[in-house]
Amino acid sequence: MPSRDFSLHGAIDLGARQAAARKQQERRAQAGAAPAGGPAGGAPAAGAYVVDVTDQTFNTEVVERSQTVPVLVDFWADWCGPCKQLSPILEKLATEAAGKWILAKVDIDANPQLGAYMQQMGVRGIPFVAAVVAGQLLPFLNGAAPEPQVRQAIDQLFEALRQEGILPEPPPGEAAAAGEEAAPAGSVYSEAEDALQRGDLDGAKAAFERILAGNPRDGQAKQGLALVELSLRVERLDPERTVQEAADKPGDVQAQLRAADVEMVSGRIEDAFRRLLTAVRGSAGDDRDAARTHLLSLFELLPPDDPRVAKARRSLQSALF
């Protein structure tokens, strides 16, 4: 059944396993043996988005690949009846996802090291599916389930990762193509634009919130709301004094949030991102969560494919894990 705790806090870091695999390859190379494994991409089991993984290729096919795209790892065996029900469902969904995530299949009988590693994680039965994101392994599915339930669990997994800032939001056009985004309410957009022209930030905020209440994936409304909220936060701030206060109180997370807002409105976007990333790394608990959440809200001000956002997301991912 699907796990309902999709936070990567407490996930298993595969870095140690990756380092051990590299040392083993180095020893093989020094001994004159051919390197084990192949390039990421491997031999597809059922199309370009499904790969068979072995003890030797797990490092490249799963751990390294997960730095750029989520990987779901399906542990299975030929004698396992439920595996034969679940595997075709996963292969179908991976093909539909068209590269948004990759399915890696592990035959535990043919790959005893990975089978033993699965048992070390406390997993006693198959089918078992793990999600690997940025080198972090998260138990995901334990046992077979019908296609609608598996599809829903995968959607919930990636939505949770987006909320934590681990994965970017899908571009609005992509969501619309998938039938996930309704047509924008033109009259409400006009209301928001009129309010902005009048300088009525509260009115514009209310209009954007109404759009998002009916369509939470509306990228234009999310960006508009983020801009209005930023304007409301800085309208009573003295820019110079705010930045100086943050410099004087480096441990005051709220001071850093205010200074980041000032930097955003003055066009110093990378400075704002850098400031909040420093706050995330240097704090814990509620302060850390406040810095992380504030940084995510600033991402909404820019297009999702902005390289500064992509770079900051990667840095946030490293800071959190």
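Analysis parameters
- Residues numbered from 1 in each chain as written.
- Predicted model: local features only at pLDDT ≥ 70, side-chain atom pairs only at ≥ 80, totals over all residues.
- Heavy atoms only, no water.
- Helix = DSSP H or I, 4+ residues; strand = E, 2+ residues; numbered from the N terminus.
- Expected span 1.5 Å × (residues − 1).
- Buried < 20%, exposed > 50% of the residue type's maximum accessible area, 1.4 Å probe, protein only.
- Pairing = 2+ DSSP bridges.
- Right-handed = clockwise from strand over helix to strand, strands pointing away.
- Polar contact = N/O pair within 3.5 Å; in protein donor to acceptor, adjacent residues only side chain to side chain.
- Salt bridge = Lys/Arg side-chain N within 4 Å of Asp/Glu carboxyl O.
- Contact = heavy atoms within 4.5 Å.
- Axes fitted to C-alpha atoms, helices over the stretch in contact; angles between N-to-C directions.
- Parallel < 35°, antiparallel > 145°, perpendicular 65-115°, else oblique.
- Left-handed = near helix turned anticlockwise from the far one by under 90°.
- Nonpolar A, V, L, I, M, F, W, Y, C, P; charged D, E, K, R; others polar.
- Core = buried A, V, L, I, M, F, W, Y, C linked by side-chain atoms within 4.5 Å.

Participant: Now, about helix α9 (residues 219–234): what can you tell me, with residues and values included?
Facilitator: Taking 1.5 Å of rise per residue, the 16 residues of α9 would be expected to cover 22 Å, and the 23 Å separating its terminal C-alpha atoms lies within 8% of that figure. Listing the buried residues of α9 in full gives G219, A221, K222, G224, L225, A226, V228, L230 and V234.

Participant: Mind laying out the pairing of strand β3 (residues 71–76), listing which residues take part and the relevant values?
Facilitator: Summarising burial for β3: five of the six residues are buried, a large majority. Judged from the six bridges that link them, β3 and strand β4 (residues 102–107) form a sheet pairing that is parallel. Note that in β4 the partner of L72 across the bridge is L103. Taken together, β3, helix α3 (residues 81–97) and β4 form a β-α-β motif whose crossover is right-handed. Bridge count between β3 and strand β5 (residues 128–133): five bridges; the pairing is antiparallel. Opposite V71, over in β5, you have V132 as the bridge partner.

Participant: I'd like a rundown of the environment of E61, residues and numbers included.
Facilitator: Structurally, the position occupied by E61 is in helix α2 (residues 58–64). Here the alpha-carbon distance between E61 and V71, two residues ten residues apart in the chain, equals 8.9 Å. Within the local environment of E61, its side chain forms a polar contact with the side chain of R65, the two groups lying 2.7 Å apart.

Participant: Hey, could you go over the environment of A98 for me, with residue numbers and the actual values?
Facilitator: Within the fold, A98 resides in the loop between α3 and β4. Among the residues examined, A98 registers a relative accessible area of 46% and is labelled partly exposed. Separated by 49 residues in the primary sequence, A98 and Y49 place their C-alpha atoms 6.7 Å from one another.

Participant: Residue-level account of the pattern of salt bridges, with values.
Facilitator: Tallied over the entire structure, the rule returns 19 salt bridges. Residue D74 pairs with K105 through a salt bridge whose shortest N-O separation is 3.4 Å. Here K105 lies in strand β4 and D74 lies in strand β3, a separation of 31 residues in the sequence. Take D74: its relative accessible area is 0%, and that puts it in the buried class. Among the salt bridges present, the one from E191 reaches R210, with a minimum N-O distance of 2.3 Å. Of this pair, E191 sits in helix α7 (residues 186–198) while R210 sits in helix α8 (residues 201–214), and the two are 19 residues apart along the sequence. Each of E263, R268, D271, R274 and R275 takes part in a single network of salt bridges with overlapping partners.

Participant: Outline the environment of I269, listing residues and values.
Facilitator: For I269, the location among the structural elements is in helix α12 (residues 269–281). With a relative accessible area of 12%, I269 lands in the buried category. The spatial distance from the C-alpha of I269 to the C-alpha of L298 is 9.0 Å, given a sequence separation of 29 residues. Those residues within four positions of I269 in sequence are excluded, and the remaining contacts are E263, M264, L302 and R308.

Participant: Can you tell me about the packing of helix α11 (residues 253–265) against α12, naming the residues and giving the values?
Facilitator: Between α11 and α12, the least distance of the axes is 7 Å, while the angle of their chain directions is 165°. Judged on the interaxial angle alone, α12 and α11 are roughly antiparallel. Considering the relative orientation of α11 and α12, their crossing is left-handed. Across from Q256, L257, A259, A260, E263 and M264 in α11, the residues of α12 making contact are I269, D271, A272, F273, R275 and L276. Classifying every residue of the contact of α11 with α12 gives eight nonpolar, one polar and three charged.

Participant: Which residues make up the nonpolar core, and what are the values?
Facilitator: With 26 residues, the main nonpolar core has M264, F273, L295, L298, F299 and L316 as its most contacted residues. For this core, the elements supplying multiple residues, two or more each, are α9, α11, α12, α13 (285–299) and α14 (307–320). The greatest single-element share of this core, amounting to seven residues, is contributed by α12. Excluding anything up to four places from it in sequence, M264 contacts L230, I269, A272, F273, L298 and L301.

Participant: Tell me about the packing of helix α10 (residues 239–248) against α11, residues and numbers included.
Facilitator: Contact geometry of α10 with α11 gives a least axis separation of 8 Å together with a crossing angle of 140°. For the element pair α10 / α11, the angle class is oblique. At the point where α10 passes α11, the crossing takes the left-handed sense. Facing α10, whose interface residues are P239, T242, V243, E245 and A246, α11 presents A255, Q256, R258, A259 and V262. Of the residues belonging to the contact of α10 with α11, the class tally is six nonpolar, two polar and two charged.

Remember that the coordinates give geometry; whether it matters functionally is a separate question.
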